[in-house]
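# A look at the structure
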Amino acid sequence: MTAGTRRAADFAALARSLPTAPGHFDEWREPDGTLRRPWRLFAEHAGDLGPDALLHAERRVARQIAENGVTYTVYGGDLIGGRPWGLDVLPTLVEGAEWDALSIGLRQYGRALDAIARDLYGDRRLLESGALPSDLVFPHAGFLRACQGVRPPGGVFLHTLALDLARDGDGTWRVVGVRAQAPSGLGYALENRATIARVFPEAMRDLHARPLMPFCDALQEALLAMAPCETNAPQLVLLTPGRFSETYFEHVYLARQLGVPLVEGGDLTVRHDRVFLKTVSGLQPVHAIWRRLDDDYSDPLELKAESTLGVPGLVQAWRAGHVLVANAFGLSVLESPALLSVLPDLAVRVLGEPLTIPVAPTIWPTDRQAIALDHMVIKPALSSEPHDPIFGHTLGSDAQRAWAARMSAEPSRYVAQQYIPLSQAPVSHGGAIESRGLIVRAFLLTDGRGDYHVLPGGLSRITGGDRANVSGQRGGGSKDTWIVSAGPTDPPPEPSPWPRRQTLGERATPSRVAEHLFWLGRYAERSENMARLLRAVLTRVADAGVLPSRLRHAVVRTCRGQGLFETTAVRAATITPREMDEDESGTGLERALVAGISDHHTRQSLGYNVAQLDRVAGSVRDRLSSDNWRVLHRLFQQLTGDVPTDAPIDEALEALDQAILSLVAIGGLEMAHMTRDDGWRFLSLGRHIERLAFVATTLDDVSTGGATEDPSVLEWLLDLSDSLITYRARHARRPEWTTVMDLLLFDERNPRSVMFQVGKMAKHVRLLPDANLMAVLEEIDVIHAAGHQRDTRQRDLFGGGMSNRDQLSQGCQRLAARVSDALTHRYFSHVYELPRATVTA
Amino acid sequence: MTTDARYRVDHHTEYVYAATTSTSQHLAYLTPRALPYQQLLWHELTIEPAPADRSSRVDYFGNAVESFTMLTPYKTLSAVSRSVVSVSGPAPLLDTSAGPSWESVRDQLRSGSPVAPLDAIEFSARSPYVDIGPEVEAFGRAAFPPGRSLLDGALELTHRIHRAFTFDPTATSVATPVSRVLAGQRGVCQDFAHVQLACFRALGLSARYVSGYLMTDPPPGQPRLIGADASHAWVSVWCPVNGWVDLDPTNDVRPGLRHITLAWGRDYDDITPLRGVVLGGGSHVLHVGVSVVPEMGEASS
């Protein structure tokens, strides 16, 4: 007996020992308790499935989800960034042959729904004949009259479609829900696959689980092929509502997987009925939009005036045929539960053949027959008037009577859908196997020729506990979905029939993205400066107990200048800066600095800057490598969670060491992995501006504070800029002011020096697109030239009473602010203008 | 055709912004419709400053809609719509009292019995600005006792709204829901039209919102003041015998030679005279002036 077969036998024994749920189809066991075929195969190849191994796998999955920042934002919660995505370690297993048969039926739905949409917004034969009841159309807020008569580019309305599938008690798959507007879940399905593939790599290989990515590539090819574009290089963008969207994670994920710019409404503008992307190098035409924005929020001019998320004029540009929008507008009418009551008949009319996958039996309107509510779920007829489903068997007899009365009084308002006892799938919960209800969301992607590819997999969703609800908004969890076979007999994804159209070579950088990257650079650098400042001070406090008075004076001056004391935490601890000065024991200073480390609600502390860093990074996640994002997000989680305000100093120093390591890694990843495009240039400028300001300011603090003769102050100053080792290697003696100035101010080979930053800024600003920044460039060059003159240190460079060095460092502080202002004015000033609607009586 | 009336309509709209706008896009429903009883003889929409781009199309309901885009920054935007129309007034009603009962019309409009034309069915459905609650249903039902003819009930409802509500431009805004108008019993023509639409639709009847102008007479002995008029709104109810029958609840009249029709839709939101989306500009002040002046000369050609 091999280890594999022994483990499989253990799993089979476990399966037999666990209870079953009568009336529900069992996903993993035959009625006699033996494993169903795909699960037998899985058990043979999955390795150890004992409680310890499963628990270990659960933890790995949870860790990976947290690190990747996979979230699903829940409305009404105060969790910014959303709740972690729930993913079970055990996949849903469907045999290849069964799935192939199912796919044929799913494609019928795709073709039928696309044809219904085409008719509804075209000839309206189905509506005229009454086959499509007008009560499903006219009162539906999603029936968009602005779309009547539109012929979308390529002739396709429904580019992507999600169908929710559930199994009946006898195992028959039924369609229980349609998502046709901007279906979500594809990105989560891909991420689930990426995660679970690392948990069961052997099983995935041996069971020949079909790959998902080729189908996303095929969708992209189809969209590009249909996009109206005179040249052979159409621009496709993914339009997201932004980081507060419940499914923002997957927008980022899909954009990154497909290499498509992720844009928000404000990034696009319509001119002469054409759509353009606002980039730092001007307006660039957009030919296709894969939108994850609901209709209501897509165009404040024509669709919903209150929305500020959309693109004014987008509907008109689409109507004019100048842009492909996937999916077409106006398709939420296809999502109504009541449509299922007429869909089988409509399908016969438009396809000439019956659907092979049945719908969940649905009664609508609700006054034509007696309805036994015990076996029914009451849902809204129209998807535009959503409410929670009501399970008839959970109602008391009075409530049942009340519902029956409502349903006969307003028969077109509700549907009675037959209760589908969800099939029960095994899930691992703390290492133990439990059963949960299962719904599989299947994804159909247009092939651009009137038919659909079915993603060989899908998003499995499971009920939480014994609840019948799988909505992501209400808890529950998800599973990866494998289409498996005993041998490698599966058809490879069909090659695309389209002549390949290339996307634009250079990735466009939207102005909003450039601004976020600029601030990403600034916050990253500022965080590192803060962390180094805190470490340089706290190390000395830890070593010496009480700081010598001159050093202490310099430290307090600089910390105050950097705003480290201006925190509510300090006030809460009733330590004012004044008290701190007078606190001879030194604990006031130490406590105030420690308190600021994790505090991310007040200005200027390290925690605050790291929180801002995490926030802006979250808005441009598609631009960062996943490693970069993970390091950054983990830094945020650790720093803002781990250091209590009363932490002992050694603990605080440990946290600072970790933070500096992460920040250094982030900087390294930027240098090693980011393409040197406009976005990177803005990020770098943000860093140089911040570093310039910090080094120049700290030099100035020491100089004007009169501490230039104190070696301990100078050592600390070098430490702040990570230049102490360099200094010692060069000079092998205690620091002196002149040589410190050489290293920190003038030495252009020292990447921490003032002149290094100025030199880089001069270079980057020249390379910015359409720069037109002559004034500020001149200022940079003046300072740069001043730093290069050999006699700078002697001659009176700027006039006036101050030393040249002091003037230079003050000039640099002003320069940092000037360059930042100039960039903001030139590139970012219209980023935050929100459209406002006006109407007249 | 000797009873035709001919009017010149000037409709000025001006936005004055506190700061300079960067771009804006607009839709205008300011072109009078051509109808069996209304001829559009001339129309021109003048925009200042000149837009970067303008076009026109016919919308879902058959209304002419003009759109324009401003790409050059401005502080003041002026849109002047000038039209000359000739109005002969709708045909007289047939069978007011002997016509179909309101219940029979309601039953024709019900889904599953496609006797009524689709556009009549469409206007019996809910729409965004016409919220229907039990109060408005009760208000409407009072005018429609069982068995009453549709048109008798509709005229009665028009009369009841006119009697119950006070014209008060300060009481409501563009977005005041029907329930609030009903509770306060005050508002402007647009509110009264919405209330009447809600009553009709609550009973399963079909009615649409009509925007337009009304020729008013100056006070005796005084000259006609330019800009003293306003845009107007009323409703049209669907009758299987008479077709669409216009009713003006603000004045308790059937629109005739003094009403000029611009556009119709489910409610105000479908045919807002001028709407826009503006980037920048800060706060703004809006000036609207309408003049409806009878024209001398040949009424029809």
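Summing up its helical and strand segments, chain A has 27 helices and 23 strands in all. Taking all 841 residues of chain A together, the buried fraction comes to 52%. In chain A, the proportion of contacts linking residues at least 24 apart, taken out of those at least 6 apart, comes to 72%.

Another aspect to go through is the overall build of chain B. A tally of regular secondary structure across chain B gives 6 helices and 14 strands. A compact globule built from 301 residues would reach a C-alpha radius of gyration of about 19 Å, and chain B, at 20 Å, matches this within 12%. Dimensions of chain B along its principal axes, counting C-alpha atoms only, are 60 × 45 × 40 Å. Considering chain B as a whole, with its 301 residues, one finds that 43% of them fall into the buried category. Long-range contacts, defined as pairs at least 24 residues apart, comprise 76% of the intrachain contacts of chain B with a sequence gap of at least 6.

Another aspect to go through is the interface of chain B and chain A. Contacts between chain B and chain A engage 31 residues on the former and 27 residues on the latter. Summarising the sheet, strand β23 (residues 836–839) of chain A and strand β13 (residues 274–280) of chain B pair through 4 bridges and their orientation is antiparallel. Each residue of the ladder has a partner; that of T838 of chain A, found in β13 of chain B, is G276 of chain B.

An α-helical turn contains 3.6 residues, so any two residues separated by three or four positions project in the same direction. Residue and element names in this part refer to chain A. A rise of 1.5 Å per residue sets the reference length of helix α1 (residues 3–17), with its 15 residues, at 21 Å; its end C-alpha atoms lie 21 Å apart and thus fit the reference within 8%. Among all positions of α1, only R7, A8, F11 and A15 are buried. What you see down the axis of α1 is that its buried residues fit within an arc of 100°, all on one side. Structural note: α1 exposes T5, R6, A13, R16 and S17 on the side pointing more than 90 degrees away from its buried face. In this structure, the buried side of α1 is in contact with α2 (37–45).

Let us now look at the pairing of strand β18 (residues 432–446) of chain A. All names here are of chain A. Where burial is concerned, most of β18 is hidden: 12 out of the 15 residues are buried. When strand β4 (residues 160–167) meets β18, the two strands line up antiparallel, connected through 6 bridges. By the bridge assignment, T160 is partnered in β18 with L445. Where strand β17 (residues 424–429) meets β18, 6 bridges bridge the pair, whose relative direction is antiparallel. Counterpart to H429 in the pairing with β18 is A432. Following β17, the chain reverses through 2 residues before pairing antiparallel with β18; G430 in that reversal takes a positive phi of roughly 60°. In this sheet, strand β20 (residues 459–462) lies alongside β18 in antiparallel orientation, the contact comprising 4 bridges. Bridge pairing links V440 to S460 in β20.

Here we take up the packing of helix α13 (residues 511–544) of chain A against helix α21 (residues 678–704) of chain A. Residue and element names in this part refer to chain A. Two elements in contact, α13 and α21, have axes separated by 7 Å at closest approach and are oriented at 35°. Judged by the twist between their axes, the crossing of α13 over α21 is right-handed. Contacts between α13 and α21 pair V513, A514, L517, F518, W519, L520, G521, R522, A524, E525, R526 and N529 from the former with D678, G679, F682, L683, S684, L685, G686, R687, I689, E690, R691 and F694 from the latter.

Let's shift gears to unusual backbone geometry. All names here are of chain A. Of the consecutive residues A326 and N327, the connecting peptide bond is found in the cis state with omega at -5°. By the secondary structure assignment, N327 is in the loop between β12 (324–326) and α11 (339–351). Look at the link from W364 to P365: it is a cis peptide, with omega at -10°. With respect to the element layout, P365 can be found in the loop between β13 (362–363) and β14 (376–380). Even without a glycine there, the phi angle at R124 is positive, about 60°. Following the sequence through the fold, R124 ends up in the loop between α4 (96–120) and α5 (125–129). Its 15 C-beta neighbours within 10 Å are what place R124 among the partly exposed residues. Notably, D722 is not glycine yet its phi reads approximately 55°, a positive angle. Look at D722 and you get partly exposed, because 16 C-beta atoms sit within 10 Å.

Residue and element names in this part refer to chain A. Packing of α13 against helix α18 (residues 606–619) brings their axes to within 9 Å, and their N-to-C directions diverge by 155°. It follows from the interaxial angle that α13 and α18 lie roughly antiparallel. Every pair of crossing elements has a handedness; the one defined by α13 and α18 is left-handed. Two secondary-structure elements touch here, α13 through H516, W519, L520, Y523, A524, R526, S527, M530, A531 and L534 and α18 through L606, N609, V610, Q612, L613, V616, A617 and S619. Classifying every residue of the contact of α13 with α18 gives 12 nonpolar, 5 polar and 1 charged.

With that out of the way, let us pick up the nonpolar core. Ranked by size, the top nonpolar core spans 221 residues in total, and within it L113, A117, L223, I289 and A442 of chain A together with V237 of chain B carry the most contacts. If we skip the residues at most four places from it in the chain, I289 of chain A touches V237, L239, V323, L324, V325 and A326 of chain A. In terms of nonpolar packing, the next biggest core, distinct from the first, is built from 95 residues, V610, F694, C812 and L815 of chain A among them.

Residue and element names in this part refer to chain A. Turning to α2, its buried residues are P38, W39, L41, F42, A43 and E44. On its buried side, α2 packs onto α1, β3 (92–95), α7 (201–206) and β22 (481–484). Directly after α2, the chain includes G47, whose backbone phi takes a positive value near 80°.

Residue and element names in this part refer to chain B. In spatial order, the strands read β3-β6-β1-β14; together these 4 strands make up an open sheet with antiparallel pairing. The sheet terminates laterally at β3 (38–48) and β14 (284–294), the two strands that pair on one side only. Neighbouring strand axes in the sheet, compared pairwise and without regard to direction, differ in orientation by 10° on average. Sheet analysis places strand β1 (residues 5–17) next to β14, joined by 11 bridges and oriented antiparallel. Paired with Y15 across the two strands is L286, which belongs to β14.

For the rest of this paragraph, the subject is the environment of A116 of chain B. Residue and element names in this part refer to chain B. In this structure, A116 sits in the loop between α1 (102–109) and α2 (118–122). Residue A116 is classed as partly exposed on the basis of its C-beta count, with 19 C-beta atoms lying within 10 Å. Distance from A116 to W238, taken between C-alpha atoms, is 9.8 Å for residues 122 residues apart in sequence. Apart from the residues within four sequence positions on either side, A116 is in contact with Q108, L109 and I121.

So, about the sheet that holds strand β4 (residues 53–58) of chain B. Overall, antiparallel pairing links the 5 strands, which are arranged β23(A)-β13(B)-β2(B)-β5(B)-β4(B) in an open sheet. Across the chains shown, the open sheet's two edge strands, defined by having one partner strand only, are β23 of chain A together with β4 of chain B. Each adjacent strand pair in this sheet contributes to an overall mean axis angle of 15°, direction not counted. Where β4 of chain B meets strand β5 (residues 64–70) of chain B, 6 bridges bridge the pair, whose relative direction is antiparallel. Pairing of R54 of chain B across the sheet is with F68 of chain B, part of β5 of chain B.

Attention shifts here to the pairing of β1 of chain B. Looking at chain direction, β1 of chain B and strand β6 (residues 76–87) of chain B are connected through 12 bridges and run antiparallel. Pairing of H12 of chain B across the sheet is with V80 of chain B, part of β6 of chain B.

Residues and elements named next belong to chain A. Confidence along chain A averages 86 in pLDDT terms, with 88% of residues attaining 70 or more. Under a pLDDT of 50 for its full length, residues 471–475 has, in the predicted model, 6 contacts with residues more than four places off or in other chains. Segment residues 794–801: pLDDT under 50, and 7 contacts once partners within four positions in sequence are set aside and those in other chains are kept.

Conventions used here
Along every chain, residues carry numbers that run from 1 in the direction the sequence is written. Chain letters start at A and ligand numbers start at 1, both assigned in the order the entries are written. In keeping with the model being predicted, local features are shown solely for residues with a pLDDT of at least 70 and side-chain atom pairs are shown and tallied solely at 80 or more, while totals for entire chains, interfaces and linings include all residues. Counting from the N terminus, the helices are the DSSP runs of H or I reaching at least four residues and the strands are the DSSP runs of E reaching at least two. Three exposure classes are used. Buried residues have 20 or more other C-beta atoms within 10 Å of their own C-beta, exposed residues have 12 or fewer, and partly exposed residues fall in between, all C-beta atoms being placed from the backbone. By definition, residue pairs are in contact when their C-beta atoms, positioned from the backbone, come within 7 Å. Our radius of gyration looks at C-alpha atoms and nothing else; its globule reference is 2.2 Å times the residue count to the power 0.38. Two strands qualify as a pair provided that DSSP identifies no fewer than 2 bridges between them. Take the residue count of a helix, subtract one, and multiply by 1.5 Å to get its expected span. Arc definition: directions from the helix axis to the C-beta atoms. To get an axis, fit a line to the C-alpha atoms, keeping to the stretch in contact for a helix; angles then go from 0 to 180 degrees between the N-to-C directions. In this scheme the crossing of two helices becomes right-handed for a clockwise turn of the near helix relative to the far one and left-handed for an anticlockwise turn of less than a right angle. An angle below 35 degrees is read as roughly parallel, one above 145 as roughly antiparallel, one from 65 to 115 as roughly perpendicular, and any other as oblique. Here the term charged refers only to Asp, Glu, Lys and Arg, the term nonpolar to Ala, Val, Leu, Ile, Met, Phe, Trp, Tyr, Cys and Pro, and the term polar to all other amino acids, Gly among them. By definition, a nonpolar core groups buried Ala, Val, Leu, Ile, Met, Phe, Trp, Tyr and Cys residues that connect through C-beta atoms lying within 7 Å of each other. By definition, pLDDT measures how confident the predictor is in each residue, and it falls between 0 and 100.

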